[in-house]
Amino acid sequence: MNSSFPALALIFSGPSGVGKSSVCQRLFELMPALHFSLSCTTRAPRPGETAGLSYHFLTRERFAAQLAAGEFLEHAQVHGEYYGTLFSEVRPYLERGQDVILDIDVQGARQILANVRGTDLERRFISVFLLPPSLEVLEQRLRGRGSESEKQIRERLQRGREEMGCWSEYDYVMISNEVHESARQLQAIFTAARRRCSILPENFHV
Ligand code: 5GP
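Rules used in this analysis
- Residues numbered from 1 in each chain as written.
- Predicted model: local features only at pLDDT ≥ 70, side-chain atom pairs only at ≥ 80, totals over all residues.
- Heavy atoms only, no water.
- Helix = DSSP H or I, 4+ residues; strand = E, 2+ residues; numbered from the N terminus.
- Buried < 20%, exposed > 50% of the residue type's maximum accessible area, 1.4 Å probe, protein only.
- Near = heavy atom within 4 Å.
- Polar contact = N/O pair within 3.5 Å; in protein donor to acceptor, adjacent residues only side chain to side chain.
- Areas by Shrake-Rupley, 256 points an atom, 1.4 Å probe, with all protein chains shown as cover.
- Nonpolar A, V, L, I, M, F, W, Y, C, P; charged D, E, K, R; others polar.
- Domains from an automatic or database assignment.

Draft legend 1. Looking closely at the environment of Trp167. Within the fold, Trp167 resides in the loop between α6 (150-164) and β9 (172-175). Given a relative accessible area of 39%, Trp167 falls into the partly exposed group. Sequence-wise, Trp167 and Ser127 are 40 residues apart; in three dimensions their C-alpha atoms are separated by 9.9 Å.

Draft legend 2. Local environment of the site of the ligand. Surrounding the ligand, one finds 17 residues, the nearest of these being Arg43, Tyr55, Glu74, Tyr83 and Asp105. A distance of 2.6 Å is found between an oxygen atom of the ligand and a side-chain nitrogen or oxygen belonging to Arg43. Residue Tyr83 places a side-chain N or O atom 2.5 Å away from an oxygen atom belonging to the ligand. Protein contact buries 95% of the 510 Å² of open area that the ligand shows by itself. Contributions of two or more residues to the shell around the ligand are made by β5 (72-78) and β6 (81-86). Tallied by class, the residues present in the shell around the ligand amount to five nonpolar, five polar and seven charged. Both domains that furnish three or more residues to the shell around the ligand are identified here as domain 1 (1-37 + 99-206) and domain 2 (38-89).

Printed below as a string of structure tokens:
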């Protein structure tokens, strides 16, 4: 008898500063077995960020080499820097029955969904877009972070506005008000999406 529900990979997007990292941190308290897909980036670490915990911080040369070797499930250029998701951060975990969350931008989300179409991974992906309550709140949050220059803040806001126009491409949308509530909503999405009859394996029996 096989009555186990499949592990899922949840693509979590939203404009820079909306609070995705805080929601993820809270979600780990609710779902300790969840794997956070650690992205690669060529940008410099921010104060408080740790290599191997926040990102794999790579040189541009190293990033290009891993890209050429076909190691990325997706990659994108964001704010002039490269970001990418390694296959090794997703597939082995799903195979082990562990859920995965990916904090990636809209371009990356589109690429993943295109890359897995028609493969065994297709049904394992779900996508959630986190919107701020308003643009004013997003701006306050970005400024409160204190890690970017005025120019960078303006660029992130502009890009954020563009990204927010894409929310309807996602399976689910959430509005970020309170971190604990957003984390509970994400957990509920995992719980419900895992039980879709359409994604259960052929050998699923009760
Ligand atoms: P930040 O520099 O603020 O950490 O991230 C900037 C943007 O890059 C965010 O919108 C974030 O979602 C996106 N991002 C982070 N990791 C990845 C990744 O692996 N792939 C893609 N496509 N975007 C990413």
